[in-house]
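Summary of the model geometry
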Amino acid sequence: SAVISQKPSRDICQRGTSLTIQCQVDSQVTMMFWYRQQPGQSLTLIATANQGSEATYESGFVIDKFPISRPNLTFSTLTVSNLSPEDSSIYLCSAVEDEAFFGQGTRLTVV
Amino acid sequence: AQSVAQPEDQVNVAEGNPLTVKCTYSVSGNPYLFWYVQYPNRGLQFLLKYITGDNLVKGSYGFEAEFNKSQTSFHLKKPSALVSDSALYFCAVRPSYSGAGSYQLTFGKGTKLSVIP
């Protein structure tokens, strides 16, 4: 099974700034995804991180707010831009082999 | 579109008793079904999956789940609950076909399991 290292594990950010979250997988994987988990809620898919091309975003999520990079088959970043308190959430990256494996998550608090 | 329902927000069970966490699903075609567990301040950990074959699937930490196609259910079970099983449990589904979007998981809202000593 893939092991995913996600960092930072948590951060407190000021309004209007940005936070970049990194996700490193210990093996090459075809599919990587980014999810958001709001307090007490389930996971919502933000986008599919496509290697070498633009990410595929789900309804309600846009590239200007959540730019994603995936330069190779083991690494991806998610940036949450122009932060507001509503962005306070847990962000998780996921890599899929037969089943999905998840990073430990990044708990973001915007003040 | 696919969906997952976990009808119980919380399940309380006494230590040593059997536990069940319910899940029903809706998906086009045959489903791939998964259970994940989330401990406080942690990411999701894979417990078990149903792809094909035997309807009773065994997974990590003594958990098992039964796939019931006629009832479109995939309930998580354990014969004897431990206090350390207390966590948030998520059921997830994705379609079995290949192609765009086929690897995307749809999650239920989660069920908080509390095992009482």
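None of these values were measured; they are calculated from a predicted model. Within each chain, residue numbers correspond to sequence positions counted from 1 in written order. For this description, chains carry letters from A and ligands carry numbers from 1, given in the order in which they are written. The predicted nature of this model means local features are confined to residues of pLDDT at least 70 and side-chain atom pairs, given and counted, to a pLDDT of 80 or more, with totals for whole chains, interfaces and linings taken over all residues. Side-chain descriptors were evaluated using all non-hydrogen atoms of the structure, hydrogens and water having been removed beforehand.

**Notes on the interface of chain B and chain A**
Residue contacts are defined here by distance: any two heavy atoms, one from each residue, within 4.5 Å place the two residues in contact. If you look at the interface, chain B gives 18 residues, while chain A gives 21 residues. Roughly 1500 Å² of surface becomes buried between chain B and chain A when both sides are summed, with 52% attributable to carbon and sulfur atoms. Salt bridge criterion: a side-chain nitrogen from Lys or Arg within 4 Å of a carboxyl oxygen from Asp or Glu. The interface formed by chain B and chain A includes one salt bridge. E99 of chain A is the salt-bridge partner of K49 of chain B, the closest N and O atoms lying 2.7 Å from each other. We call two N or O atoms a polar contact when they sit within 3.5 Å, provided that within protein one can donate a hydrogen and the other can accept it, with sequence-adjacent residues counted only if both atoms are side-chain atoms. Taken together, the links from chain B to chain A amount to six residue pairs in polar contact (both at pLDDT 80 or more). As a working rule, the residues Ala, Val, Leu, Ile, Met, Phe, Trp, Tyr, Cys and Pro are called nonpolar, Asp, Glu, Lys and Arg charged, and the rest polar, with Gly in that last group. For the side of chain B that touches chain A, a count of residues per class yields nine nonpolar, five polar and four charged. Buried area adds together the accessible area that both of two parts lose upon being put together, with accessible area traced by a 1.4 Å probe.

**Some words on the nonpolar core**
Ranked by internal contacts, the top residues of the largest apolar core, which has 28 residues, are W35, L47, L48, F74, L76 and Y89 of chain B. For this core, the secondary-structure elements that each account for two or more residues are β2 (10-14), β3 (19-21), β5 (31-38), β6 (44-50), β8 (64-68), β9 (73-78), β10 (87-95) and β12 (111-116) of chain B. Helix and strand definitions here come from DSSP, where helices need a minimum of 4 consecutive H or I residues and strands a minimum of 2 consecutive E residues; each element is numbered from the N-terminal end. It is β10 of chain B that provides the largest number of residues to this core, a total of four residues. Leave out the neighbours within four places in its chain, and L47 of chain B touches W35, Y36, V37, G59, S60, Y61, F63, L76 and Y89 of chain B. Within the second largest apolar cluster, 27 residues are counted, among which are C23, W34, A49 and I68 of chain A. In plain words, nonpolar cores are sets of buried Ala, Val, Leu, Ile, Met, Phe, Trp, Tyr and Cys residues tied together by side-chain atoms within 4.5 Å. Accessibility here uses a 1.4 Å probe with only protein chains present; expressed as a share of the type maximum, an area under 20% marks a residue as buried, one over 50% as exposed, and anything in between as partly exposed.

**Topic: the sheet that holds strand β8 (residues 75-80) of chain A**
Adjacent strands of a sheet form backbone hydrogen bonds with each other and so pair up, either parallel or antiparallel. Residues and elements named next belong to chain A. Spatial strand order, β1-β3-β8-β7: four strands in an open sheet with antiparallel pairing. Across the chains shown, the open sheet's two edge strands, defined by having one partner strand only, are β1 (4-7) and β7 (68-72). Within the sheet, the average angular offset between the axes of one strand and its neighbour, ignoring direction, is 15°. Only strands joined by at least two bridges in the DSSP assignment are considered to pair. With three bridges connecting them, β7 and β8 associate as antiparallel partners. The partner of I68 across the bridge, within β8, is L78. Axis definition: a line fitted to C-alpha atoms, over the contacting stretch in the case of helices. Angles run 0 to 180 degrees between N-to-C directions.

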